[in-house]
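Understanding the architecture of this molecule
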Amino acid sequence: MNNILTTSDPVTTHWDCPECGGTGILSPEICPVCLGAKYIDLATITNWMLDFMESRGCDRAEIDRLRTESPDPLTLTFCLEVCIALK
C-alpha cells in the first residue's frame with residue numbers, strides 16, 4: 001500500500017483571488033486584481049501579498065528584501081502573520 005498524497009502542489013496551482021474571494025467582482029465592478037478571472041497566478045499573489053503587507057505598516061526594508069527574493073506565498077503568509085503580531 002502506498003500512502004503518498006496524490007494532490008497537486010498548492011504553490012503551482014491557481015489561487016483564488018484574495019481581493020474578490022474568487023468571485024471575479026467587487027461590488028458591481030470587475031475585480032481590479034484578477035480582472036474577473038476569479039483566480040490569480042503565483043507572481044500575482046506574491047505581489048498582492050507584499051502590497052498588502054506594506055498597507056498594514058510592515059517594515060518597508062523587509063518588504064523590499066522580500067520583493068528581490070521572490071518567496072512563495074506560504075512564506076509570505078508567515079511573514080505577514082509575524083508582522084501583524086508584532087504590531
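What this report covers is the structure whose coordinates are included nearby.

Rules used in this analysis
- Numbering of residues starts from 1 in every chain and runs along the sequence as written.
- Note on the predicted model: pLDDT of at least 70 is required for a residue's local features to be given, and 80 or more for side-chain atom pairs to be given and counted; whole-chain, interface and lining totals, by contrast, use all residues.
- Hydrogens are left out, water is left out, and the side-chain values use all remaining heavy atoms of the structure.
- Aromatic pairs are defined between Phe, Tyr and Trp rings, using the six-membered ring for Trp, whenever the two ring centres lie within 6.5 Å; interplanar angles under 30 degrees are classed as stacked, those over 60 as edge-to-face, and all others as tilted.
- Each helix is a run of H or I in the DSSP string that is no shorter than four residues. Each strand is a run of E no shorter than two, and both are numbered from the N terminus.
- Burial classes: relative accessible area under 20% of the type maximum marks a residue as buried, over 50% as exposed, and values in between as partly exposed (1.4 Å probe, protein chains only).
- Identification of polar contacts relies on pairs of N or O atoms within 3.5 Å, with a donor-acceptor requirement for protein atoms, meaning one able to donate a hydrogen and the other able to accept it, and with residues adjacent in sequence counted only if both atoms are side-chain atoms.
- Contact criterion: two residues are considered in contact whenever any of their non-hydrogen atoms come within 4.5 Å of each other.
- The term salt bridge refers to a pairing of a side-chain nitrogen on Lys or Arg with a carboxyl oxygen on Asp or Glu at a separation within 4 Å.
- Angular values range over 0 to 180 degrees, each being the angle between N-to-C directions of two axes fitted as lines to C-alpha atoms, with helices fitted over their stretch in contact.
- By the definition adopted for this analysis, an angle is roughly parallel if under 35 degrees, roughly antiparallel if over 145, roughly perpendicular if from 65 to 115, and oblique otherwise.
- Only Asp, Glu, Lys and Arg are considered charged in this grouping, and only Ala, Val, Leu, Ile, Met, Phe, Trp, Tyr, Cys and Pro are considered nonpolar; every other residue, Gly among them, is considered polar.

**Remarks on the packing of aromatic side chains**
Scanning the model with the defined rule gives one aromatic pair in all. For the pair tryptophan 48 and phenylalanine 52, a centre-to-centre distance of 5.2 Å together with 5° between the ring planes defines the contact as stacked. Of this pair, tryptophan 48 and phenylalanine 52 both sit in helix α1 (residues 42-55), four residues apart, which is roughly one turn of the helix.

**Details of the side chain of threonine 46**
Looking at where threonine 46 falls in the secondary structure, it is placed in helix α1. Classification of threonine 46 as buried rests on a relative accessible area of 9%. A distance of 2.9 Å separates a polar side-chain atom of threonine 46 from the backbone oxygen of leucine 42. If we ignore the near neighbours within four places in the chain, the residues touching threonine 46 are Pro71, Pro73 and Leu76.

**Looking at the pattern of salt bridges**
Evaluated as defined, the whole model comprises five salt bridges. When the shortest N-O distance is used, the salt bridge between arginine 65 and glutamate 62 registers 3.2 Å. Here arginine 65 and its partner glutamate 62 are both found in helix α2 (residues 60-69), three residues apart, which amounts to about one turn of the helix. Each of Asp51, Glu54, Arg60 and Arg67 takes part in one network of salt bridges that share partners.

**Topic: unusual backbone geometry**
We note that serine 27 has phi near 55°; this positive angle belongs to a residue other than glycine. Residue placement: serine 27 occurs in the loop between β2 (25-26) and β3 (29-30). According to the relative accessible area criterion, serine 27 is exposed, its value standing at 66%.

**Examining the packing of α1 against α2**
Axes are the key here: two packed helices are described by the angle between their axes and the distance separating the axes. One can describe the packing of α1 onto α2 by two numbers: an axis separation of 10 Å at closest approach and a directional angle of 175°. Compared by their axis directions, α1 and α2 come out roughly antiparallel. Note on element contacts: α2 touches α1 through Arg60, Ile63, Leu66 and Arg67, opposite Asn47, Leu50, Asp51, Met53 and Glu54. Considered class by class, the residues forming the contact of α1 with α2 number four nonpolar, one polar and four charged.

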